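# Residue-level structure breakdown
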Amino acid sequence: MSFILGALTALAVIFFLSGRFSRSGRDNKQFSRGPYVLAVGGGTGLSTLLRGLKAYTRNITAVVAVTDEGGSSGRIRNEWGMLPPGDVRHCMTALAENDSELRRILEYRFDRGELAGHSLGNLILLAFTEMYGDFSKAVKQMNHLLNIRGRVLPVTTEGITLVGETIKGLNVKGELAISEHGHELNEIWLEPENAKTLPEVLDAVDDADVIILGPGSLFTSVIPNILMQDFADRIKHSDAPKIYVCNLMTQPDETQNMNIMQHLDWICAALGCTPDFIITNSQAIPDDIIESYRREGASPLYLDEEQRNMIKGMGCECIEADIMGVSETKKEGRVLRHDPAKLANVIFRLIRRLESD
């Protein structure tokens, strides 16, 4: 309980920062005229997308998977019985007015004692959950407190677990096991199967002008959301254009040796329909980065003519564009990420095109 109390003392800092990051009423009014965007995913991919989208509209609802088992989120889930807060925290930080400064605070990670490995943002969400007795209420309070451009919602407040079966008949359970065996999966589902989507999430589908799936880990960030049957059904029957944003590279074990068509097939199977558009990277990836990723078992994802024809035959339009960014970290060196500004620009050019048709 001591680290919960420590997190609560940090709220005073967050209250101060939320005031510093607020925009004028005039700016808010300008952004409120933007289209309603529903973005679905989790982890780094979704938060990257959100940093770009917020430059165009405040009307953003980010729906986040709650099947994370690793790191601080996994420990909080196991020790406190709370839904994993990490991906929700990443997305709220991405939508904040000054995300770079706020990120340093909320993602501060303790390195000793019983707090070792925990981020401050996760502990604040845990403290709010203890205070309000409900994870969704805690998330809503953080949305308000941080004055973010839009809102972040967990897809459900029920404890759900990813389960799959490989082509060899092996049953695998949990996000970590799914990640290790993704490229061998024959089927994937959630337990319990009757879990219900948060009502606000279903309402967001009805309000959406456009629905974006990804980018993010195929089996552990994007698909877990649309395995919620009521959510998938609502998206399927929505008139809003549906866009799937494909990853730049495969992921070791999870999507190793899979091509873009295979990624799309899994999305279609979970969603029950074919997205209207798929956005893929067209920019050449530097050779040194490709070699570094290949040593880990990852490879670039590009469309070839055969895949283009197959996707077009499904009624899905391929949009190939430069959406790639390269960043450098002390821990990982040069890494590939979707460029938030480039990706958002491609999406909003598409939205404007659809509005003019």
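It should be noted that the structure appears before, not after, this text.
Below is a summary of the structure that appears in this document. (Residues numbered from 1 in each chain as written. Predicted model: local features only at pLDDT ≥ 70, side-chain atom pairs only at ≥ 80, totals over all residues. Heavy atoms only, no water.)

This part takes up the packing of aromatic side chains. All chains considered together, the criterion is met by 3 aromatic pairs. Relative to Tyr132, the ring of Phe128 lies with its centre 5.9 Å away and its plane at 35°, an arrangement referred to as tilted. One end of the pair, Phe128, and the other, Tyr132, are both in helix 7 (residues 120-132), 4 residues apart, so they sit about a helical turn from each other. Since its relative accessible area comes to 5%, Phe128 is described here as buried. (Phe/Tyr/Trp six-rings, centres within 6.5 Å; stacked < 30°, edge-to-face > 60°. Helix = DSSP H or I, 4+ residues; strand = E, 2+ residues; numbered from the N terminus. Buried < 20%, exposed > 50% of the residue type's maximum accessible area, 1.4 Å probe, protein only.)

Before going further, it helps to spend a moment on the pairing of strand 2 (residues 60-64). Strand 2 sits mainly inside the fold: 5 of its 5 residues count as buried. Taking every second residue as pointing to the same face, both faces of strand 2 are buried, with Ile60, Ala62 and Val64 on one and Thr61 and Val63 on the other. The pairing of strand 1 (residues 37-41) with strand 2 spans 5 bridges and is classified as parallel. The partner of Leu38 across the bridge, within strand 2, is Thr61. Crossover connection from strand 1 via helix 3 (residues 43-53) to parallel strand 2: handedness right-handed. As judged from the 4 bridges shared by strand 2 and strand 3 (residues 151-154), these two strands associate in the parallel manner. Counterpart to Val64 in the pairing with strand 3 is Pro154. (Pairing = 2+ DSSP bridges. Right-handed = clockwise from strand over helix to strand, strands pointing away.)

Attention now goes to the layout of surface pockets. The space that makes up the second largest pocket amounts to roughly 250 Å³. Lining the second largest pocket are 14 residues; nearest its centre among them are Ile188, Trp189, Leu190, Leu227 and Gln229. Elements that contribute at least two residues to the lining of the second largest pocket include exactly strand 6 (185-191) and helix 13 (260-271). Top contributing element to the lining of the second largest pocket by residue count: strand 6, with 4 residues. In terms of residue class, the lining of the second largest pocket is made up of 11 nonpolar, 1 polar and 2 charged. (1 Å grid on protein atoms, 1.4 Å probe; cavity = no way out; pocket = protein on both sides within 12 Å on 5 of 7 lines; lining within 4 Å. Points joined across faces, edges and corners; volume = space filled by probe spheres on them. Nonpolar A, V, L, I, M, F, W, Y, C, P; charged D, E, K, R; others polar.)

What follows concerns the sheet that holds strand 8 (residues 242-245). Strand order across the open sheet formed by 7 strands is 3-2-1-7-8-9-10, with parallel pairing between neighbours. The open sheet terminates on both sides in strands that have one partner only, identified here as strand 3 and strand 10 (317-321). Taken pair by pair, the neighbouring strands of this sheet meet at an average axis angle of 20°, ignoring direction. (Axes fitted to C-alpha atoms, helices over the stretch in contact; angles between N-to-C directions.)

This next bit is on the packing of helix 7 against helix 8 (residues 135-145). It is at 8 Å that the axes of helix 7 and helix 8 come closest, and there the two elements cross at 120°. In terms of orientation, helix 7 lies oblique with respect to helix 8. Crossing of helix 7 over helix 8 shows right-handed handedness. Between helix 7 and helix 8, the contacting residues are Ile124, Leu125, Phe128, Thr129 and Tyr132 on the first element and Phe135, Lys137, Ala138, Val139, Gln141, Met142 and Leu145 on the second. A per-class count over the contact of helix 7 with helix 8 returns 9 nonpolar, 2 polar and 1 charged. (Parallel < 35°, antiparallel > 145°, perpendicular 65-115°, else oblique. Left-handed = near helix turned anticlockwise from the far one by under 90°. Contact = heavy atoms within 4.5 Å.)

Turning next to the pattern of salt bridges. The full count for this structure, using the stated rule, is 9 salt bridges. Counted as one network, the salt bridges with shared partners bring together Glu305, Arg308 and Glu320. (Salt bridge = Lys/Arg side-chain N within 4 Å of Asp/Glu carboxyl O.)

Another point: the sheet that holds strand 6. Picture the strands of a sheet paired through backbone hydrogen bonds; they go either parallel or antiparallel. Within the open sheet, the 3 strands sit side by side as 5-4-6. Their pairing is antiparallel. Pairing within the sheet leaves two strands with one partner each, and these edge strands are strand 5 (171-173) and strand 6. When strand polarity is set aside, the average angle formed by the axes of neighbouring strands in this sheet is 20°. In this sheet, strand 6 lies alongside strand 4 (residues 161-166) in antiparallel orientation, the contact comprising 6 bridges. Looking at strand 6, one finds that Gly164 is bridged to Ile188. Contacting strand 4 and strand 6, helix 11 (residues 218-226) runs over the sheet at an angle of about 55° to strand 6.

To continue, consider the environment of Gly272. Relative to the helices and strands, Gly272 is located in the loop between helix 13 and strand 9 (277-281). The class of Gly272 is partly exposed, set by a relative accessible area of 41%. Residues Gly272 and Ile226, spaced 46 residues apart in sequence, show a C-alpha to C-alpha distance of 9.3 Å.

Honestly, it's all geometry; don't read function into it.
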